[in-house]
Amino acid sequence: MKVIIRNTYEEMSRWAAEYIIGRINAHNASPAGAIRPFVLGLPTGSSPLGVYAEFIKANREGRVSFKNVVTFNMDEYAGLTRDHEQSYWKFMHDNLFDHIDIDPENVNILNGMAEDPEAECRRYEDKITEYGGIDLFLGGSGVDGHIAFNEPFTSLNSRTGVRKLTYDTLLANARFFGGDFSKVPKTALSVGVGTVMDAAEVLLLLSGHNKARALRHLVEEPVSGKWTVSALQLHPAAIIACDEDACDELTVGTYKYFKETE
Ligand code: GLP
């Protein structure tokens, strides 16, 4: 595991965006790029907004093209239509897809309105497999250390499925529903921890003091189903990009180690 520490959210976002842009460009320039697209896993939430702004800028400047990129989003609320203000479909189009040169057919987002949500999750997982897996999964973490919507005690081998959201997550996400806890959907469709772990590379963004506990469990504590994000300790190519505030609970030794070894 690598931990990249930057002073601010903006610097963390710029680093992560440039890293992914480098990966996409290297793939497109390689023989593999002519055979298959670059498959990119994407999250929602406030954490990736800075990265998405950098993608849009770089795309406008001609420094990266998303024409040969296929995306799979991590999750979607159950029961929200695509055009609902808080659907992740809308979030992704407003904040990224409507502003870059990606082919709309290459965008994959779980259908939260599917009549048979379990079948929808199986279809999604199969589609990822058909593309030959995810090259790079960008992600965030909940305050309770969940990855995608894999709440505490979700199996670390889980595949895409329907998840019940915890009280912690409902409270954290109520801010997007006018502060009204009762309006937050109680379930979601989400890729599994195992789905993320299968990606060739995983890049997680953690910023702000409220992610400090999750970062400590992710980096320093034992792998535990209580902090599903900690499964990444077992990933062969995981990178954590964070800001100074998120490091508040790391020991000085850990902090220095990653600063010095970068
Ligand atoms: C939601 C999403 C997660 C995301 C988390 C953190 O629960 N399902 O994928 O990582 O929120 O959101 P934020 O980045 O806003 O802190």
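Scroll up a little and you will see the structure.
**Student:** Could you give an account of the sheet that holds strand 6 (residues 136-139), with specific residues and numbers?
**Tutor:** Taken in spatial order, the 7 strands make up an open sheet running 1-10-9-6-2-3-5, and their pairing is parallel. The sheet is open, and its two edges are formed by strand 1 (2-6) and strand 5 (107-108), each paired on a single side. Pairing of strand 6 with strand 9 (residues 201-206), which is carried by 4 bridges, proceeds in the parallel orientation. Of the residues in strand 9, the one forming a bridge with Gly139 is Leu204. Against the sheet, helix 1 (residues 9-29) makes contact with strand 1, strand 2 (38-42), strand 3 (69-73), strand 6, strand 9 and strand 10 (238-243), and its axis sits at roughly 165 degrees relative to strand 9, the strand it touches most.

**Student:** Lay out the environment of Tyr167 in plain terms, naming residues and giving numbers.
**Tutor:** As for its placement among the helices and strands, Tyr167 is situated in helix 6 (residues 167-173). Relative accessible area serves as the criterion here: at 55%, Tyr167 is assigned to the exposed category. When the C-alpha atoms of Tyr167 and Lys186 are compared, they prove to be 9.1 Å apart, with 19 residues separating the residues in sequence.

**Student:** Can you break down the site of the ligand residue by residue, with the values?
**Tutor:** Residues in close proximity to the ligand total 13 residues, the closest being Ser46, Ser47, Asp75, His146 and Lys211. Note that an oxygen atom of the ligand is positioned 3.3 Å from one of the backbone N or O atoms of Ser141. A distance of 3.4 Å separates a nitrogen atom of the ligand from a polar backbone atom of Ala148. A total of 390 Å² of accessible area belongs to the ligand in isolation, and the protein chains cover 94% of it.

**Student:** Tell me about the nonpolar core, residues and numbers included.
**Tutor:** Ranked by internal contacts, the top residues of the largest apolar core, which has 38 residues, are Leu204, Leu215, Leu218 and Leu232. A total of 4 residues in this core trace back to one element, the largest contributor, which is helix 8 (residues 212-219). With residues near it in sequence (within four places) discarded, Leu232 still touches Met1, Ile147, Met197, Val202, Leu204, Leu218 and Ala238. Core analysis: the second largest hydrophobic core is formed by 33 residues, Phe38, Met92, Phe97 and Leu203 among them.

**Student:** Which residues make up the packing of aromatic side chains, and what values go with them?
**Tutor:** Per the stated rule, a full pass over the model turns up 11 aromatic pairs. Between Tyr52 and Phe55 the ring centres are 6.2 Å apart and the planes differ by 35 degrees, which places this aromatic pair in the tilted class. Taken together, the residues Tyr52 and Phe55, both in helix 3 (residues 49-60) and 3 residues apart, mark about one turn of the helix. On the accessibility criterion, Tyr52 (0% relative accessible area) is buried. Ring plane angle 45 degrees and centroid distance 5.6 Å describe the contact between Tyr77 and Phe149, whose orientation is recorded as tilted. Here Tyr77 is found in strand 4 (residues 75-77), whereas its partner Phe149 is found in the loop between strand 6 and strand 7 (161-164), with 72 residues between them in sequence. Here Tyr77 and Phe149 have matching classes, each one buried. Connected via pairs of aromatic rings, a cluster forms that spans Tyr77, Tyr88, Phe149 and Phe177. If you follow Lys186 out to its NZ or CZ, it ends over the ring of Phe181, 5.4 Å from the centre.

How each quantity is defined
Residues numbered from 1 in each chain as written. Predicted model: local features only at pLDDT ≥ 70, side-chain atom pairs only at ≥ 80, totals over all residues. Heavy atoms only, no water. Pairing = 2+ DSSP bridges. Helix = DSSP H or I, 4+ residues; strand = E, 2+ residues; numbered from the N terminus. Contact = heavy atoms within 4.5 Å. Axes fitted to C-alpha atoms, helices over the stretch in contact; angles between N-to-C directions. Buried < 20%, exposed > 50% of the residue type's maximum accessible area, 1.4 Å probe, protein only. Near = heavy atom within 4 Å. Polar contact = N/O pair within 3.5 Å; in protein donor to acceptor, adjacent residues only side chain to side chain. Areas by Shrake-Rupley, 256 points an atom, 1.4 Å probe, with all protein chains shown as cover. Core = buried A, V, L, I, M, F, W, Y, C linked by side-chain atoms within 4.5 Å. Phe/Tyr/Trp six-rings, centres within 6.5 Å; stacked < 30°, edge-to-face > 60°. Lys NZ or Arg CZ within 6 Å of the ring centre and 35° of its normal.

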